[in-house]
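Observations on the model geometry
In case you want the letters, here they are:
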Amino acid sequence: MASVTELKQRHLAASETVNGLREKLKQKRLLLLDTDVAGYSRLQGKMPVNFGPTDLVCCRTLQGHTGKVYSLDWTAERNRIVSASQDGRLIVWNALTSQKTHAIKLPCAWVMTCAFSPSGQSVTCGGLDSVCSIFNLNSPSDKDGNLPVSRMLTGHKGYVSSCQYVPDEDSHLITASGDHTCVLWDITTGLRTSVFGGEFQSGHTADVLSVSINGSNSRMFVSGSCDSTARLWDTRVASRTVRTFHGHEGDVNTVKFFPDGNRFGTGSDDGACRLFDIRTGHQLQVYQQPHGDNEVPHVTSIAFSISGRLLFAGFTNGDCYVWDTLLAKVVLNLGSLQNSHESRISCLGLSADGSALCTGSWDTNLKIWAFGGYRKVS
């Protein structure tokens, strides 16, 4: 029987071997990346986006939460937003008037994520209670004036970090969790349809922080994790990852599909956003601002404009960069504008028609940024 010392030596040797192989894989990937989106675009003579401070202005501040805002989501018809806060409430807002239509007291105050159903009839949230709670906005309030939970999805063994409804379906949603898995739920029955990852399956090796479903093919979704990778999944084949995407050197906090469904973006604790192609598995571009010796701010949330030409990225230091995705240049920083947030940007999202961006912050507020008087972003 091997001694403790021998086992430690074997573990150390195995770790060195693994790290060596990882470095070799990294070098191989770099050799395959003969160009990137920005380099190719410059060769094609692409013109930079003309985008100034007056093209994007803060037109409304949504005030009502008394704790840090953690998550937000828009309805498909653009005029309503749901937000989740550390104050233990979900608030549904009319984005055009700033009016609150619902203030939902949650069974667990430690909420981390929220989402609107495609029909806009229900909202969903999850957090440290490891449960996904669904509220029907048309249900009558109880005697205390609170909206009752219409369905509780239980089964995760860790916190629920992210949730998204399958497009055009109020009956299915996908969640990400601190238990290293993602789950596809049948809301009608309250049961798990599929589990992605887990003890005996190829999947993430750490907490999963974010999911994004492909708008062009709802069977495909991507997840981001504390294991520094993003993974592509097919809901028909839950037993294994379709593809694993490497490149980040920190937790992948946020993932978002590109409008065409062939690419997706990521944002990480390493301060960078990356663009990947799901067909080749290759990294197409890195979006990163230079920083000095100070601590690099983490990327918390990302979104693309409808055409994909712009990438919006929120950071822990209150910055919110707008990138030209083709030329990999920052065209605007919302954090430098008037009426910007006073703390970490924790979440952001673009309205369905592309006319407005909403940002949520630890300063307890949400802000709606209009594009040239609600014109679409191209």
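Only a predicted model underlies this, so the values are computations on that prediction, with no experimental measurement involved.

Section: empty space enclosed by the protein
In the structure shown here, the tally under the stated rule is two cavities of 30 Å³ or more. Each pocket or cavity is described by its volume, and for the largest cavity that value is around 70 Å³. Lining the largest cavity we find L106, P107, C108, W110, V111, C125, G126, G127, D129, V131 and S133. Elements that contribute at least two residues to the lining of the largest cavity include exactly β7 (122-127) and β8 (131-136). Of all the elements, β7 adds the most residues to the lining of the largest cavity, at three residues. Split into classes, the residues belonging to the lining of the largest cavity amount to seven nonpolar, three polar and one charged. Counted as a void, the second largest cavity has a volume near 30 Å³. Around the second largest cavity sit G318, D319, C320, L334, G335, S340, H341, I345, T359 and W369, which together line it. Residues that form the lining of the second largest cavity fall into these classes: four nonpolar, five polar and one charged.

Brief notes about the sheet that holds β8
Pairing is antiparallel across the open sheet formed by four strands, whose spatial order is β6-β7-β8-β9. Because the sheet does not close on itself, it has two edges, and the strands there are β6 (111-116) and β9 (151-154). The sheet shows a mean angle of 20° between the axes of neighbouring strands, direction not considered. Note: β8 against β9, four bridges, orientation antiparallel. Pairing of I134 across the sheet is with R151, part of β9.

With respect to the confidence of the model for the protein
Averaged over every residue, the pLDDT of the protein is 91; residues scoring 70 or more account for 95%. The low-confidence segment residues 373-378, where pLDDT is below 50, has 24 contacts with residues more than four positions distant or belonging to other chains.

Observations regarding the packing of aromatic side chains
Inspection of every chain in the model, using the stated rule, returns 13 aromatic pairs. Their ring planes at 65° and their centres at 5.7 Å tell us that F196 and W233 sit as a pair that is edge-to-face. Of this pair, F196 sits in strand β13 (residues 191-196) while W233 sits in strand β16 (residues 230-234), and the two are 37 residues apart along the sequence.

Topic: the environment of G250
Along the polypeptide, G250 turns up in the loop between β17 (243-245) and β18 (252-257). Note: C-alpha distance between G250 and S268 (18 residues apart in sequence) is 5.9 Å. Not counting chain neighbours up to four residues away, the residues in contact with G250 comprise S228, S268, D269 and D270.

Thoughts on the pattern of salt bridges
Evaluated as defined, the whole model comprises seven salt bridges. Of the charged contacts, one joins D227 and R231 as a salt bridge, the two residues approaching to 3.5 Å between their closest N and O atoms. For D227, a relative accessible area of 15% corresponds to the buried category. D260 is the salt-bridge partner of R263, the closest N and O atoms lying 2.0 Å from each other. For D260, a relative accessible area of 28% corresponds to the partly exposed category. Because the salt bridges share partners, they merge into one network encompassing D260, R263, D277 and R279.

Here we look at the sheet that holds strand β5 (residues 100-105)
Ordered in space as β2-β3-β4-β5, the four strands form an open sheet in which the pairing is antiparallel. At either margin of the open sheet sits one strand with a lone partner, and together these are β2 (69-74) and β5. Each strand axis lies, on average, 15° off the axis of its neighbour in the sheet, ignoring direction. The sheet contact formed by strand β3 (residues 80-85) and strand β4 (residues 89-94) spans five bridges and is antiparallel. Within β4, the position partnered with S83 by the bridge is I91.

Basis of the calculations
Residues numbered from 1 in each chain as written. Predicted model: local features only at pLDDT ≥ 70, side-chain atom pairs only at ≥ 80, totals over all residues. Heavy atoms only, no water. 1 Å grid on protein atoms, 1.4 Å probe; cavity = no way out; pocket = protein on both sides within 12 Å on 5 of 7 lines; lining within 4 Å. Points joined across faces, edges and corners; volume = space filled by probe spheres on them. Helix = DSSP H or I, 4+ residues; strand = E, 2+ residues; numbered from the N terminus. Nonpolar A, V, L, I, M, F, W, Y, C, P; charged D, E, K, R; others polar. Pairing = 2+ DSSP bridges. Axes fitted to C-alpha atoms, helices over the stretch in contact; angles between N-to-C directions. pLDDT = per-residue confidence, 0-100. Contact = heavy atoms within 4.5 Å. Phe/Tyr/Trp six-rings, centres within 6.5 Å; stacked < 30°, edge-to-face > 60°. Salt bridge = Lys/Arg side-chain N within 4 Å of Asp/Glu carboxyl O. Buried < 20%, exposed > 50% of the residue type's maximum accessible area, 1.4 Å probe, protein only.

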